[in-house]
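A structural walkthrough
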Amino acid sequence: MLRVTLRNLFARKVRLILSAFAIVLGIAFLAGSLVFTDTIGKSFDDIASGGVPDATIRLSGLDQGGIDQVINVDSRRISASVVPELAALPGVSRADGSVDGQGLFVIKKNGKLLGGTGAPTLAFNYTDAPNARGEQAVTIDEGAAPTGNEVALDRRSADLAGYKIGDTVKMITSGSEPKLEATLVGYAGFAGGGLAGATLVFFDTPTAQRLFLDGDNAFTSIGFEAEKGVSENELAATLKPHLPESAVVLTGKQLSDEFKSIIDTVLGFLNTFLLIFAGIALVVGTFLIINTFSILVAQRSRELALLRALGASRHQVTRSVLLEAAVVGLIGSTLGLVLGYGLAAALRALFANFGLDLSGSELVFKPRTIIVAYAVGVLVTMFAAYVPARRAAKIAPVAAMRDEVALPESSLRRRVFIGILLVIAGATLMTTGLIGEGSSGATQVGIGIFAILMAIALMSPLLGIPILVGMGAAYRMLFGTVGQLATQNSLRNPRRTAATASALMIGLALVTTMSVLGSSINKSIDVSVTKQFTSDYIISNAIGQAFSPTIAEDVRNVDGVQTVAPTQSTSLEVNGDQVNATAGDSSELTSIFDIPFVQGGAPGEGEIALREERGESLKLKVGDSVQLGFASGKIAAKVSGFYSQTYVVNGAIIPFSTVEAGHVVRADSSIAVDAAPGTDSGALGKALESATKDFPTVTVQNQEDFADAQRSQVDQLLYLIYALLGLAIVIAALGIVNTLALSVIERTREVGLLRAVGLSRGQLRRMVRLEAIAIAVLGAILGISAGLLFGVVLQRAFGDQGITELSIPWARLAVFVVIAGLVGVLAAVMPARRAAKLDVLRAITTG
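Cut-offs applied
Residues numbered from 1 in each chain as written. Predicted model: local features only at pLDDT ≥ 70, side-chain atom pairs only at ≥ 80, totals over all residues. Heavy atoms only, no water. 1 Å grid on protein atoms, 1.4 Å probe; cavity = no way out; pocket = protein on both sides within 12 Å on 5 of 7 lines; lining within 4 Å. Points joined across faces, edges and corners; volume = space filled by probe spheres on them. Nonpolar A, V, L, I, M, F, W, Y, C, P; charged D, E, K, R; others polar. pLDDT = per-residue confidence, 0-100. Helix = DSSP H or I, 4+ residues; strand = E, 2+ residues; numbered from the N terminus. Contact = heavy atoms within 4.5 Å. Pairing = 2+ DSSP bridges. Axes fitted to C-alpha atoms, helices over the stretch in contact; angles between N-to-C directions. Parallel < 35°, antiparallel > 145°, perpendicular 65-115°, else oblique. Core = buried A, V, L, I, M, F, W, Y, C linked by side-chain atoms within 4.5 Å. Buried < 20%, exposed > 50% of the residue type's maximum accessible area, 1.4 Å probe, protein only.

**Description of empty space enclosed by the protein**
Inspection of every chain in the model, using the stated rule, returns two cavities of 30 Å³ or more. Looking at the largest cavity, its volume works out to about 60 Å³. Lining the largest cavity are 13 residues, with Ile172, Thr173, Ala546, Phe547 and Thr697 sitting closest to its centre. Grouping the amino acids of the lining of the largest cavity by side-chain chemistry returns seven nonpolar, six polar and no charged. Put simply, the second largest cavity is a space of about 40 Å³. What lines the second largest cavity is Phe287, Leu288, Asn291, Ala499, Thr500, Ala503, Ile731, Ala732, Gly735 and Thr739.

Dropping the structure here:
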């Protein structure tokens with residue numbers, strides 16, 4: 001049996017290689033995702049271990065690891081006077097104060113911004129303090145350490161910006177000194193090696209304190225080196241009784257673990273995003289493998305029956321087919337691992353364009369990646385081949401004596417029954433998932449969509465018949481007898497046709513869902529901006545970073561400006577619930593924007609206004625007292641009102657005074673500008689651009705520009721998803737190629753007879769092409785119909801979260817159908833050529 005199995009593998013190697021290609025693509029995505037995220041993780045781990053001291057004292061409340069620390073910059077400080085006192089404690093070898101600056105960007109020599117997306121710009125005061133390994137944490141690779149009005153940059157950033165030692169470096173900050181120039185005196189780096197694309201900027205301590213701490217003789221944290229023989233835990237225990245007010249102590253390991261936890265959270269999202277598409281590719285590939293093995297087993301039915309007649313048991317026949325599948329899985333997984341490594345390298349190059357440069361880090365190829373790749377590849381292939389293998393084992397030995405051997409088929413009634421159950425289960429999961437919150441709700445929605453897609457795939461032999469009959473009528477009108485033959489061939493085995501179309505159906509269903517959602521989001525943006533964007537101009541940061549409040553003061557002095565309303569995006573907790581808030585001056589905000597209050601009004605001092613649904617979830621009413629949580633502690637406030645969904649402000653509104661009371665550094669996120677009566681709008685726009693020309697992070701937008709920018713973000717995400725789902729379309733096209741090629745082999749005698757009675761080679765090629773188009777269009781119609789359903793349901797479910805308008809991109813969906821037809825035409829090229837080249841006499845005599 002083993003020799004027979006191996007012989008069959010080599011005899012049908014081309015068809016099995018096409019099946020393996022589906023596994024290759026899926027495993028490549030899986031392995032590439034794991035290798036890439038492992039590489040990122042190791043790179044950041046090296047950075048953390050190279051820059052962390054034995055122990056660190058910092059302000060309390062900064063260990064939440066949430067969005068609060070991403071958006072908010074804490075304004076609290078630790079007095080420099082405590083550094084010598086703590087350095088004199090027993091077990092402490094040395095203590096060094098650190099100033100961690102945020103909101104600084106380097107301007108390239110050509111006047112453009114360096115970075116801004118991807119890895120951040122990190123600004124510090126330079127010291128020669130050691131890390132936990134005893135190495136100097138920050139090294140000067142060339143030149144000198146900065147003093148006075150001098151700066152040191154990492155070499156990569158200096159090269160990208162076009163600066164050399166001795167040049168004057170231009171920078172901007174979000175603080176009270178928005179524009180800055182300093183002389184580049186050295187190239188610096190971390191002892192941990194690579195920087196993952198981050199930009200390092202070092203000043204001397206007085207300069208850093210002037211820029212980031214308003215000149216206070218203070219620090220944001222203090223690092224400690226332990227004396228020889230003193231452990232990190234012992235050092236932390238010594239420091240704990242002497243901590244300054246509102247400060248905590250962490251060991252080097254605790255700080256590294258915290259940093260790693262934050263990075264792992266980010267990588268978890270990225271890994272999940274990539275692995276979803278790997279899973280889609282494998283699911284689509286499963287349909288291809290099931291179809292391929294089903295056809296191959298059907299073609300070998302007499303051979304398998306003969307083996308049974310010669311004494312092979314059912315288990316031996318089953319194992320023979322599964323062994324073929326295992327070999328296909330092994331080959332596909334091996335090639336997928338190789339391609340996955342290349343994909344990880346491509347992802348590394350792609351992300352470098354977005355600021356996450358890992359070119360200095362070797363790709364990490366863990367044993368876990370190899371084990372997972374082989375396990376998934378082989379198991380998926382064997383799972384897909386299991387049903388055909390069981391069918392093969394049911395062939396009776398006596399069947400070898402017949403001319404035609406029919407394989408047992410599963411009941412269509414059973415398929416419909418299981419399909420209905422899956423639809424019910426999928427609809428239930430989608431409903432509960434949409435009602436739920438967080439990742440668990442999203443997971444339920446995803447599983448529900450998958451269940452319904454599987455239901456459609458199961459019932460597709462029944463659902464596809466009306467579509468194929470309708471296409472047959474069109475074929476007969478347009479192509480006559482050739483069209484009739486193509487229709488009969490596609491209807492001859494509706495299960496095979498539907499199974500092949502199902503692979504394409506899944507990909508197009510997901511593409512359609514995202515298209516409907518994306519179009520609905522864009523329409524919602526247009527409607528909301530038209531209704532709510534009542535200012536003449538918005539000044540904002542193109543890269544989502546805050547900028548200096550002094551820019552708003554400059555804008556107030558521009559001729560033709562009547563009202564200016566700066567706002568700051570911040571994050572806080574309301575009775576323990578995380579909320580993104582907009583801070584601003586209520587009188588200025590309401591004079592420019594029509595905020596849709598449904599109860600109460602804008603907040604005054606010590607008050608907060610909330611979005612209506614957030615107030616409902618917290619069970620609040622106007623006048624209730626709440627606790628606002630910041631890293632520095634809690635602040636009491638009263639609810640002033642509730643407003644409905646709007647793009648103008650975030651989920652809450654607070655006055656600037658609350659930001660300052662929460663010890664959050666003031667920095668603007670946007671500035672709304674209204675023109676004085678009679679002012680020319682175009683001239684004002686040019687004047688505003690002139691006033692902000694020294695700040696490349698800042699953009700000036702009118703209503704149309706703002707809407708375009710919002711839509712552009714949605715479209716970019718859609719194009720990325722289209723590209724990734726294109727993988728499923730490629731696999732589906734391979735499925736059509738495989739099915740048609742095997743079908744031509746199966747119908748060799750029939751093809752010969754058709755040629756013998758007068759069918760030309762051109763007509764034969766057209767017949768095969770029409771079959772392929774029928775399969776592809778069937779998949780497109782089923783997929784687009786399912787995608788429309790999912791898209792509409794999701795839009796309705798997210799209506800209270802900003803997707804208020806339903807928009808179905810009919811033109812784009814029509815393009816998808818045309819593309820599906822073209823996929824069918826291309827997939828038919830090789831099978832049609834092979835059919836046309838068959839020798840007529842030899843084909844007729846085929847047994």
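**Digging into the confidence of the model for the protein**
Here the protein shows a mean pLDDT of 84. Residues at 70 or above account for 91%. Averaged pLDDT values for the elements of the protein fall to 44 in helix H3 (residues 67-71) and rise to 96 in strand S8 (residues 150-153). Considering only residues more than four positions removed or in separate chains, one finds that residues 64-70, a stretch of pLDDT under 50, has 15 contacts.

**Section: the sheet that holds strand S13 (residues 221-226)**
If you walk across this open sheet you meet the four strands as S3-S13-S1-S14, and the pairing is antiparallel. Two strands in the sheet have a free side with no partner beyond their single neighbour: strand S3 (92-98) and strand S14 (247-251). Averaged over all pairs of adjacent strands, the angle between their axes in this sheet comes to 20 degrees, without regard to strand direction. As defined by bridge partners, S3 adjoins S13 across six bridges and the pair is classed as antiparallel. In the strand pairing of S13, valine 92 is matched with alanine 226. The sheet contacts of helix H7 (residues 232-239) involve strand S1 (55-59), S3, S13 and S14, and relative to S14 the element is tilted by about 165 degrees.

**What to know about the packing of helix H24 (residues 810-827) against helix H25 (residues 829-836)**
Each pair of packed helices can be described by the angle between their axes along with the distance between the axes. It is at 4 Å that the axes of H24 and H25 come closest, and there the two elements cross at 40 degrees. Comparing the axis directions of H24 and H25 gives the class oblique. Of H25, the residues touching H24 (which contributes Val825, Leu826 and Ala827) are Val829, Met830 and Pro831. For the contact of H24 with H25, the per-class residue count stands at six nonpolar, no polar and no charged.

**A word on the pairing of strand S9 (residues 168-172)**
Bridge count for strand S5 (residues 105-107) against S9 is three bridges, and the pairing is antiparallel. Across the sheet, the residue bridging to isoleucine 107 is lysine 170, located in S9. Both S9 and strand S10 (residues 179-190) contribute to a ladder of five bridges, which runs antiparallel. Considered in S10, the bridge of isoleucine 172 is made with lysine 179. In textbook terms, the turn of a hairpin is the stretch between consecutive antiparallel strands, and for S9 and S10 this stretch comprises six residues.

**Remarks on the nonpolar core**
Here is a general trend for soluble globular proteins: nonpolar side chains tend to be buried in one another's company. Grouped together as the largest cluster of nonpolar side chains are 131 residues, with contacts concentrated most on Ile40, Phe190, Phe202, Val284, Leu453, Ile506 and Ile736. Sorting elements by how many residues they give to this core places helix H23 (residues 761-797) first, with 17 residues. Beyond its immediate chain neighbours, meaning those up to four positions away, leucine 453 contacts Met505, Ile506, Ala509, Leu510, Ala786 and Phe790.

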